[in-house]
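# Tertiary structure, described
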Amino acid sequence: MTSDQRWPLSLRVTGELVVIVAGVLIALWVDNLNEARKEEAQVRAYLSGILVDLASDSVDLADRRATATRSLNAADRLIGLHRSRSATVPPDSLASWILYTAFVDNFQVLDHTYQEVLGAGGLSLIPDDGLRRQIAGYYRSIESADFFTDYYKKEEADFWDLLENRLSPDDFEAVSRVREGPNAAARMDVGRVLTQLRGDRAFVNAVQMNRHWTELRLDVNERRIGRHAELSAALRTALRR
């Protein structure tokens, strides 16, 4: 009697079905495991990409801090000259302070990877709920402040219109060209500009208003730097797991 004949047909069929089902289940498990590994690898690639984007943002945020700090200093110098009737200053310095008191240099976020994640299915692809909230919070905080970008630019344009109407053509050109290098403002008549600054309330008000908006820009930038640091640390921690 063969081994097949020692077992009833029903048991042999059941055994074969069990083997088949087990094979199918193992194949599905392996397939799901491979798919999970692919998804995990993709998520890690996204997190790494966001971290690379943040490295670029870090440089830009530092530049915006320096620009805003320079604008505050320029406005303070002009306000000091307004209050001091006897103080004088070299042409290049005066032209530079006038230029930079309303110099708006807005932050441009690098969000290529973030947009790629949104296009691929959204932040739900990232399993860590806390990390998802940090990523969304960082980019939403930037989007929410975009409203002010146009306003800052309008304030800058209004200030330049005021300068063009208040300063002589030579003095206005000196301010416009101060970034070209030393002695670019040599044609500026410092005495004439200081007289204008000290006697023109509209000009002083414009300087003070630009100083106020620069403080707000600096505050927003510092908040962004804080969120940036928190998100960068969270991403590094997630990638080390």
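Definitions and cut-offs
Residues numbered from 1 in each chain as written. Predicted model: local features only at pLDDT ≥ 70, side-chain atom pairs only at ≥ 80, totals over all residues. Heavy atoms only, no water. 1 Å grid on protein atoms, 1.4 Å probe; cavity = no way out; pocket = protein on both sides within 12 Å on 5 of 7 lines; lining within 4 Å. Points joined across faces, edges and corners; volume = space filled by probe spheres on them. Helix = DSSP H or I, 4+ residues; strand = E, 2+ residues; numbered from the N terminus. Nonpolar A, V, L, I, M, F, W, Y, C, P; charged D, E, K, R; others polar. Core = buried A, V, L, I, M, F, W, Y, C linked by side-chain atoms within 4.5 Å. Buried < 20%, exposed > 50% of the residue type's maximum accessible area, 1.4 Å probe, protein only. Contact = heavy atoms within 4.5 Å. Patch = residues over 30% accessible without salt bridge, like charges linked within 9 Å, V, L, I, M, F, W, Y side chains within 5 Å. Areas by Shrake-Rupley, 256 points an atom, 1.4 Å probe, with all protein chains shown as cover. Salt bridge = Lys/Arg side-chain N within 4 Å of Asp/Glu carboxyl O.

Turning next to the layout of surface pockets. Empty space within the largest pocket amounts to approximately 220 Å³. Lining the largest pocket, in full, are Glu39, Glu40, Val43, Arg44, Leu47, Ile126, Pro127, Asp128, Leu131, Ala238 and Arg241. For the lining of the largest pocket, the element with the most residues is helix H2 (residues 9-83), which contributes five residues. Grouping the amino acids of the lining of the largest pocket by side-chain chemistry returns six nonpolar, no polar and five charged.

Right, let's talk about empty space enclosed by the protein for a bit. Taken as a whole and judged by the stated rule, the model has two cavities of 30 Å³ or more. Of the pockets and cavities examined, the largest cavity occupies roughly 190 Å³. Mapped by element, the contributors of at least two residues to the lining of the largest cavity are H2, helix H6 (146-166) and helix H9 (201-240). A total of five residues in the lining of the largest cavity trace back to one element, the largest contributor, which is H9. Residue composition of the lining of the largest cavity, grouped by class: seven nonpolar, three polar and four charged.

On to the nonpolar core. Among the nonpolar cores identified, the biggest contains 33 residues, and Leu94, Ile98, Phe159, Leu163 and Val175 are the most heavily contacted of them. Looking at this core, the elements that each hand over two or more residues are H2, helix H3 (91-100), H6, helix H7 (169-176), helix H8 (190-199) and H9. Once residues within four sequence positions are removed from consideration, phenylalanine 159 is found in contact with Ile98, Thr101, Ala102, Phe203, Ala206, Val207 and Asn210. Residues Leu47, Ile126, Ile142 and Ala238 belong to the second largest nonpolar core, which totals 23 residues.

The next point concerns a nonpolar patch on the surface. A contiguous nonpolar patch, built from Leu17, Ile20, Val21, Val24, Leu25 and Leu28 and spanning about 550 Å² of accessible area, is present on the exposed surface. Structurally, leucine 28 is set in helix H2.

What follows covers the pattern of salt bridges. A complete count under the given rule lists 17 salt bridges for this structure. Among the salt bridges present, the one from glutamate 156 reaches lysine 153, with a minimum N-O distance of 3.8 Å. In this pair, glutamate 156 and lysine 153 are both assigned in helix H6, three residues apart and thus about one turn of the helix distant. According to the relative accessible area criterion, glutamate 156 is buried, its value standing at 13%. Members of the salt-bridge network, linked through shared partners, are Asp170, Glu173, Arg177, Glu180 and Arg187.

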